[in-house]
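Chain by chain, the residues run as shown.
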Amino acid sequence: MGSPERGGGERDSGRLAHSFSQLCTPRRSLRGIRNANFPTLGEKYGSHGEEEDKEDDKVDVAENSLLNKLIRKSLVESSHHVEVLQRDPSSPLFSVKTFEELRLKTELLQGIYAMGFNRPSKIQETALPMMLADPPQNLIAQSQSGTGKTAAFVLAMLSRVNGAEKFPQCLCLAPTYELALQTGHVVEKMGKLCVNISVTYAVRGNRIPRGTKIEEQIVIGTPGTVLDWCFKLRLLDVKKISVFVLDEADVMIDTQGFLDQSIRIQRTLPQNCQMLLFSATFEDAVLRFAEQIIPDPNIIKLRREEMTLTNIRQYYFLCENKQDKYKALCNIYGSITVGQAIIFCQTRRNAKWLSLELTKDGHKVSVLSGELTVEQRAAVIQRFRDGKEKVLVTTNVCARGIDVKQVTIVVNFKLPINQLQCPDFETYLHRIGRAGRFGKKSLAFNMVERHNLPLLHRIEEHFKTKIKQLDPNDMDEIEKIEY
Ligand SMILES: Nc1ncnc2c1ncn2[C@@H]1O[C@H](COP(=O)(O)OP(=O)(O)OP(=O)(O)O)[C@@H](O)[C@H]1O
Ligand SMILES: [Mg+2]
């Protein structure tokens, strides 16, 4: 956006940063960032010590959310209907099929088309008219990752700000530095033709002297820094905020302290401020959080596509140790034609061990685990998608969201269990559900120690499915498996 630059930022071509390092390096093109002193990738996501290998690889929700965005190729379409709960059920519910119907400013409409958006996504069809209505209405929107929530509220912020007024009017909170920057890039890209509108980032490292008057109309930041900016440094006047957005509410409530900070900010907003809250998940905790924050909201939900196990044949091998498991794996490879495979391990150490064994045996393997930076993980997934490696060995960091269509077999080198040592049904479904999508048939193999057989039976019961036993030494039997 072509505002006069105090920070000397040059005009960005509007390209969304595809690389994570781009996001983490101080860039002149990040408008509004002054004296920024950002951490390097190494400082933020430095490699972890050996001792952590003993533990299960933990999934960090914020990192996963960012990873989802980095590897996403396009909009995630849904065949479900949008469920709507209106604050005022008697008011007519509008939805739009085109962006023109929203009567946006020409430069904003052009920005949207320049991003390659031809028509509103499913959730945008309903959410946009509500967000742009007068008088403004509050909104809680829940819909899975990639369905167009961020683009929707960015559009709402850009259409509501008054470029002629040089003070913050929209405030958007995101749980982490990187997620705040991602959203900011969408603002910059969509608003690149809105010449008077600019964005600034209230994130750590962007130090602005007390008493400075922020002129950017859109402020995106993390709760702690936004609190400082509002109350300690008094860089912006909360009372003048007319649109407040809480993005990634599900990640937010998972992040220590952010809940309280967000509520403290929200409480000081003026009464007529429009409040918008977005979440990619539907947990009760998110709704409770939303209810604390958003008065009289409209609520819209777009249900996630159900995953099923119907197209997946499931088998198990009884194995006593990892050598047994490896032998079973070799016999699978020796008996059937495997396209691409994902193998799930519980720990980083096992993932490393397995990948070395497979490599020794001539397989092209890539490893995805928690010690990689988010950017490196995105690169590994891309290479695998491109078919550069045929086997992906991974820990839980890869259980969700990764859509590799050509995967035909999934192997659980260990059954997924939760902290209570019970089967983790959801993770099982997400792992196995990677394969066999879009009606394709595929295979899932579980390597199970004898003492873990009860876990396997509980999985069978839970999903009302049969997991057939195979003899790891009987190659003929494995050969008879049909895809
Ligand atoms: N109307 C549209 N037409 C085409 N592409 C779109 C549209 N809206 C959004 N997109 C694209 O779809 C992808 C996902 O959109 P967006 O990031 O807004 O989803 P999200 O629901 O916020 O996801 P997350 O929960 O991961 O933050 C992005 O690449 C975005 O550019
Ligand atoms: Mg989003």
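Residues numbered from 1 in each chain as written. Chains lettered and ligands numbered in written order. Predicted model: local features only at pLDDT ≥ 70, side-chain atom pairs only at ≥ 80, totals over all residues.

In the nomenclature of an unreviewed UniProt entry, the chain is known as RNA helicase of Chelydra serpentina. Listed in UniProt under the heading Catalytic activity (unreviewed entry), the comment for the chain reads: "ATP + H2O = ADP + phosphate + H(+)". (UniProt positions renumbered as here; feature names shortened; annotations may be inferred.)

### Regarding the overall build of the chain
Per the secondary structure count, the chain includes 17 helices and 15 strands. Looking at the chain as a whole, 45% of its 483 residues qualify as buried. Considering only intrachain contacts with a sequence separation of at least 6, the fraction spanning at least 24 residues in the chain is 77%. (Helix = DSSP H or I, 4+ residues; strand = E, 2+ residues; numbered from the N terminus. Buried ≥ 20, exposed ≤ 12 C-beta atoms within 10 Å, placed from the backbone. Contact = placed C-beta atoms within 7 Å.)

### Here we look at the UniProt feature "short sequence motif: Q motif" (unreviewed entry) in the chain
UniProt feature "short sequence motif: Q motif" (unreviewed entry): in the numbering of this structure it lies at residues 97-125. From the first C-alpha to the last, residues 97-125 spans 6 Å; its make-up is 45% helix and 0% strand.

### Details of the site of ligand 1
Taken together, 18 residues lie around ligand 1, and Phe117, Ser145, Gly148, Lys149 and Thr150 are the ones closest in. Every element with two or more residues in the shell around ligand 1 is listed here: helix H3 (61-71) and helix H6 (149-160). Split by residue class, the shell around ligand 1 holds five nonpolar, 10 polar and three charged. (Near = placed C-beta within 6 Å. Nonpolar A, V, L, I, M, F, W, Y, C, P; charged D, E, K, R; others polar.)

### Some thoughts on unusual backbone geometry
Residue aspartate 134 is joined to proline 135 through a cis peptide bond whose omega torsion reads -5 degrees. Despite not being glycine, arginine 103 shows a phi value in the positive range, around 50 degrees. With respect to the helices, strands and loops of the structure, arginine 103 is situated in the loop between strand S1 (82-85) and helix H4 (106-114). Of note in the backbone geometry, arginine 234 takes a positive phi value of approximately 50 degrees without being a glycine. Among the secondary structure elements, arginine 234 is positioned in the loop between helix H8 (223-232) and strand S6 (243-246).

### Digging into the sheet that holds strand S9 (residues 312-318)
Strands sit in the order S11-S12-S10-S13-S14-S9-S15 across an open sheet of seven strands; the sheet is parallel. At either end of the open sheet lies a strand with only one pairing partner, and these are strand S11 (365-368) and strand S15 (468-470). Between one strand and the next, the sheet's axes are offset by a mean angle of 25 degrees, whatever the strand orientation. Sheet topology places S11 next to strand S12 (residues 391-394); four bridges connect them, and they run parallel. Paired with leucine 368 across the strands is threonine 394, a residue of S12. Here helix H14 (residues 374-385) sits on the sheet in contact with S11 and S12, set at roughly 150 degrees to S11. The strands touched by helix H15 (residues 425-432) within the sheet are S9, strand S10 (340-344), strand S13 (407-412) and strand S14 (442-448), with S13 carrying the most contacts at an inclination of about 150 degrees. (Pairing = 2+ DSSP bridges. Axes fitted to C-alpha atoms, helices over the stretch in contact; angles between N-to-C directions.)

### Some thoughts on the nonpolar core
With 120 residues, the main nonpolar core has Met157, Leu277 and Ile343 as its most contacted residues. With eight residues, the top contributor of residues to this core is H6. Each of domain 1 (76-302) and domain 2 (307-479) gives at least three residues to this core. (Core = buried A, V, L, I, M, F, W, Y, C linked by C-beta atoms within 7 Å. Domains from an automatic or database assignment.)

### Some thoughts on the pairing of S10
The buried fraction of S10 amounts to four of the five residues, a majority that puts the element mostly inside the structure. Judged from the five bridges that link them, S10 and S13 form a sheet pairing that is parallel. In the sheet register, isoleucine 343 faces S13, and the bridge partner there is valine 411. Sheet analysis places S10 next to S12, joined by four bridges and oriented parallel. Across the sheet, residue isoleucine 342 finds its bridge partner in S12, namely leucine 392.

### Observations regarding the environment of leucine 66
By the secondary structure assignment, leucine 66 is in helix H3. Note on leucine 66: 25 C-beta atoms within 10 Å, which makes it buried. For leucine 66, the residues in contact, after removing those within four places along its chain, are Glu178, Leu179, Gln182 and Val374.

### Structural notes on the packing of H8 against helix H10 (residues 258-267)
Close contact between H8 and H10 brings their axes to 9 Å; oriented N to C, the two are set at 30 degrees. When you trace H8 past H10, the crossing you get is left-handed. Two secondary-structure elements touch here, H8 through Pro223, Gly224, Val226, Leu227 and Cys230 and H10 through Phe258, Gln261, Ser262, Arg264 and Ile265. Of the residues assigned to the contact of H8 with H10, the class counts are six nonpolar, three polar and one charged. (Left-handed = near helix turned anticlockwise from the far one by under 90°.)

### Digging into the environment of alanine 141
Structurally, the position occupied by alanine 141 is in strand S2 (residues 139-143). Here alanine 141 falls in the buried class, since 29 other C-beta atoms lie within 10 Å of it. Each C-alpha atom of the pair alanine 141 and valine 84 lies 9.4 Å from the other, and the pair is 57 residues apart in sequence. Excluding anything up to four places from it in sequence, alanine 141 contacts Ile123, Ala127, Lys149, Phe278 and Ile300.

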